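# Survey of secondary and tertiary structure
One-letter residues, chain by chain:
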Amino acid sequence: MVLVKNGQVASDYWQHIEDTDPLPQAGAVTISWARWLSERDSITRGPSELGVRLPNTIAADDVGADAGRFGLITVTYPNIGDGRAYSQARILRSRAAFKGEIRAIGSVVRDQLQFMQRCGIDAFELPEKALTEDWLAALSEFDLFYQPAEDSRPWIARQRHGRN
Amino acid sequence: MAASHESEPNVVTNETSHQAVTANRLRDGIPIYFAGGGSWSPNIGDSVTAENGETLLAEAIRGPLPLEAVGVYVIEVRLAEGAVRPIGIKEQIRAFGPTA
Amino acid sequence: MYRYDEFDRRFLEERVAQYRDQVRRRLIGQLTEEEFRPLRLRNGLYLQLHAYMYRIAIPYGTLSPAQLRMLAYIARKYDRGYGHFTTRQNIQFNWIKLEESPDIMADLASVEMHSIQTSGNCIRNTTSDPFAGVADDEIEDPRPYCEIIRQWSTLHPEFSWLPRKFKIAVSASAKDRAAVHVHDIGLYLVRNAAGEVGFQVLVGGGLGRTPIMAKVLRDFLPKQDLLSYLEAALRVYNEYGRRDNIYKARIKILVQALGIDKMRDAVEAEWSKMDHEPLDLTKETIAGIYKHFAPPAYGKPERDDDAVINTAIAADKKFSRWLKHNVANHKQPGYSIATVSLKPPGKPPGDITADQLDLLAELSERHGFGEVRVTHEQNVVFPDVRRGDLVAFYASLASSGLGTANIGLASDIIACPGLDYCSLANARSIPIAERLGEHLAAREEEIGPMKIKISGCINACGHHHVGHIGILGVDKNGEEFYQITVGGSADELSAVGIIVGRAVPSDEVNGAVDKLLDVYLAQRDDGEDLPATFRRIGMEPFKEAVYGTR
């Protein structure tokens, strides 16, 4: 697995803890959304050490006020065709005002990276077979967009009127 | 239906049903048929056939899936006077072209 | 019509480059077929029985002469000299090579065309009334809104991987020529009590395995809210539409499961939580798009227009018939809307040759303002023919095999490509349509308005559910059979046709349709179309005529 964050290869300092394993005393960890729901009252770590793995069946609005507790939220792509996580990421950015890392995991596909990025996803777990350099190029295949999204890039209808 | 395959003779009792393996060619999409020894042909007449198509299929996709062949599957064929004829309207249209 | 600006052109160049690289990666084996398939589908490329099939978007059906000529060029250079207009106002080529498809896409881009989102589980080509902008009964031109939707939906980052495909139609006339009720979202331009123009929003219509007519999601949506509201509806669908079963994944199934009231609550709730501002359609945005659709510089009616036409009517029965069936009223005095039939009896419905495409290009320059519209009924509309030119226009068409006078009649049959080309089909459509059209041509004048629609499988690309008479090809142990329905309709009184009885073999289709038509002719009241007669007298007489009494 290769982690790409903000358009560059990065090392993953997060430990991804299974529900059956205890949480380490210190260090950055991610836990499942279910575990968060059941143990939230006893978890005291700050956002820089706490992340959550969001299944794509959870309404992102349910994360709502909790978003500030996390430094990382992972969203899941079970396969190329299941696009629920795009909506989750946008809602996390636009409504929960989540400023931490949103990381795409699961079936991450080269030709979807720019869609993911536009929805507010800023980190990707690339599969082993990924040709990293070529995949990173996918993030800049388009520099013109027909709609606003979560990436604050200009979009065409506004550019036409000389505004960003 | 074109005359070439309009008058299918009724099934002759001494014919055994056979199977062949087909796919579409990656670069242009045309139907191709497994001709044995790792080769594929656009001509159904070049098909290798067997009573059990699964064996042929295994041979056709042995090793890494051949890049040339997309969507490999087994079809029913008849052997009539040495010619390989697909059974069923869909495979006949694939092999011989649109009827209209 | 809409002309690309620098942004549209550069965007399309980027898309062509991206696709060219995707094809390159596939051809060298970097991408598996499974990985490549969703990418090529989103560029309109299908793998069919004989070759790749390439579906090109014709936004709301509009084509310029340069575009028509490019389609002719593509037909000659990359295909076998002909194309097929579809029921989504698109065109398909049947004999395409994957390795040449990026070049075709680049050629299309040179005339401001593309194939983006003509397939795949994303927002498809927005369709509209082929008479848009010239109809004498429309509230406002729907095309600017189609174009606004086209742009917003193009490579939408959130809605390009939906549970299933998503089709939007916009109409602005009391007479629905866009089959709005059978779309995932249907939009009617309407006027509210205060006299403002906005949209009535319908949701959850569709054909296929489960034909359902759309229901009203919102009675009146102000124009400025169009995109934010669509985004709310799409988001609800993206989050809650079923992904476990491809046959239950369209938004119509979600609407059915929730009920329209809960669906409305969900969309309104999402909409109320969204930040609308970025998507608000400002007056300047709407005006910027609108100016592309400004009425052309119409001339004044010539005094002798009617004299020319009346002389021709008296002299030429064929012209007179064509005028009666293929020509409609224009909102501008002195002009007519003329529909060119692509249904000559005995020919594949909707097919067009490269030479005919070239001819249409030339005629659109000579008799109009350089624009034609493809209809969902697979014909081609010339929106602005001077009344005084109709005789010459007809003569040009007739000399090229395009003078068939059957618009809206029994031989104006809608048909999908069927098993002759399509890998999804269970049975052939084209030969059935050819034989039936040829057979009915002799009595279609007596029959009057009649919609016959044929699909080669339950996916219903031929819209059989909403045919006055619908014909569905089915496979029974390797044999082709045809199931017949009556009473369907795609207009503002939309209805799903009812199955008459057991499916019949192909050589009995003509006879069965004859018997249904006999019942209709014997029982109809003045001015009744077949669905109206069906509503009044019920199934029994039709069933008895075809299958006898039990």
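All values reported here derive from a predicted model rather than from experimental measurement. (Residues numbered from 1 in each chain as written. Chains lettered and ligands numbered in written order. Predicted model: local features only at pLDDT ≥ 70, side-chain atom pairs only at ≥ 80, totals over all residues. Heavy atoms only, no water.)

## Thoughts on the side chain of His-463 of chain C
Mapped onto the secondary structure, His-463 of chain C falls in the loop between strand E17 (452–455) and strand E18 (469–476). Residues in contact with His-463 of chain C, not counting those within four places in the same chain, are Thr-87, Leu-207, His-376, Lys-453 and Ser-455 of chain C. (Helix = DSSP H or I, 4+ residues; strand = E, 2+ residues; numbered from the N terminus. Contact = heavy atoms within 4.5 Å.)

## What about the interface of chain C and chain A?
Taken together, the contact pairs 44 residues of chain C with 37 residues of chain A. Interface area, chain C with chain A, both sides summed: about 3800 Å², of which 52% is carbon and sulfur. Its largest share of buried area at the contact with chain A, chain C owes to Phe-7, Pro-157 and Trp-161 of chain C, together 20% of the area lost on that side. At the junction of chain C with chain A, the criterion picks out eleven salt bridges. Note that Glu-158 of chain C and Arg-90 of chain A form a salt bridge whose closest N and O atoms lie 2.9 Å from each other. The tally of links from chain C across to chain A stands at 24 residue pairs in polar contact (both at pLDDT 80 or more). Among the elements of the structure, helix H1 (6–27), helix H2 (33–41), helix H5 (143–153), helix H6 (226–240), helix H8 (260–273) and helix H9 (283–290) of chain C are those that each provide at least two residues to the side of chain C that touches chain A. The leading source of residues in the side of chain C that touches chain A is H1 of chain C, at ten residues. When its residues are assigned to classes, the side of chain C that touches chain A shows 15 nonpolar, ten polar and 19 charged. (Buried area = accessible area lost by both parts, 1.4 Å probe. Salt bridge = Lys/Arg side-chain N within 4 Å of Asp/Glu carboxyl O. Polar contact = N/O pair within 3.5 Å; in protein donor to acceptor, adjacent residues only side chain to side chain. Nonpolar A, V, L, I, M, F, W, Y, C, P; charged D, E, K, R; others polar.)

## Brief notes about the domain arrangement of chain C
Residue and element names in this part refer to chain C. According to the domain assignment, chain C consists of domain 1 (134–293), domain 2 (305–398) and domain 3 (414–547). Measuring from the centre of the C-alpha atoms in domain 1 to the corresponding centre in domain 3 gives 30 Å. If you look at the interface, domain 1 gives eleven residues, while domain 3 gives 13 residues. For the domain 1 and domain 3 pair, buried surface summed over both sides reaches about 1100 Å², with 64% attributable to carbon and sulfur atoms. Looking at the side of domain 1 facing domain 3, the largest losses of area belong to Leu-207, Gly-208 and Met-213, adding up to 39% of the total buried there. The tally of links between domain 1 and domain 3 comes to one salt bridge. (Domains from an automatic or database assignment.)

## Some details on the arrangement of the chains
There are two pairs of chains in contact here; the most contacts are made by chains A and C. These two, chain A and chain B, are apart from each other, with no contact and a minimum C-alpha gap of 16 Å.

## A short note on empty space enclosed by the protein
Under the counting rule described, the total for this entry stands at six cavities of 30 Å³ or more. By volume, the largest cavity is sized at about 280 Å³. What lines the largest cavity is a set of 28 residues, and nearest its centre among them are Phe-115 and Phe-142 of chain A together with Arg-15, Gln-18 and Leu-155 of chain C. Mapped by element, the contributors of at least two residues to the lining of the largest cavity are helix H3 (113–118) of chain A together with H1 and H2 of chain C. Taken together, the residues that form the lining of the largest cavity break down as 13 nonpolar, nine polar and six charged. For the second largest cavity, the calculated volume is near 170 Å³. Taken together, 14 residues form the lining of the second largest cavity, with Tyr-2, Pro-59, Thr-62, Gln-67 and Glu-112 of chain C sitting closest to its centre. Contributing elements (two or more residues each) for the lining of the second largest cavity: strand E3 (62–63) and H5 of chain C. (1 Å grid on protein atoms, 1.4 Å probe; cavity = no way out; pocket = protein on both sides within 12 Å on 5 of 7 lines; lining within 4 Å. Points joined across faces, edges and corners; volume = space filled by probe spheres on them.)

## With respect to the nonpolar core
Soluble globular proteins: nonpolar side chains tend toward being buried together. Counting residues in each nonpolar core, the largest one holds 156 residues, and the members touching the most others are Phe-124 of chain A together with Phe-85, Leu-226 and Trp-322 of chain C. Here this core takes nine residues from H6 of chain C, the largest share from any one element. Contacts of Leu-226 of chain C, omitting those with residues within four sequence positions, involve Tyr-145, Ile-149, Leu-187, Phe-199, Leu-221 and Leu-281 of chain C. Leu-436, Ile-454, Val-486 and Tyr-520 of chain C belong to the second-largest nonpolar core, a separate cluster that totals 33 residues. (Core = buried A, V, L, I, M, F, W, Y, C linked by side-chain atoms within 4.5 Å. Buried < 20%, exposed > 50% of the residue type's maximum accessible area, 1.4 Å probe, protein only.)

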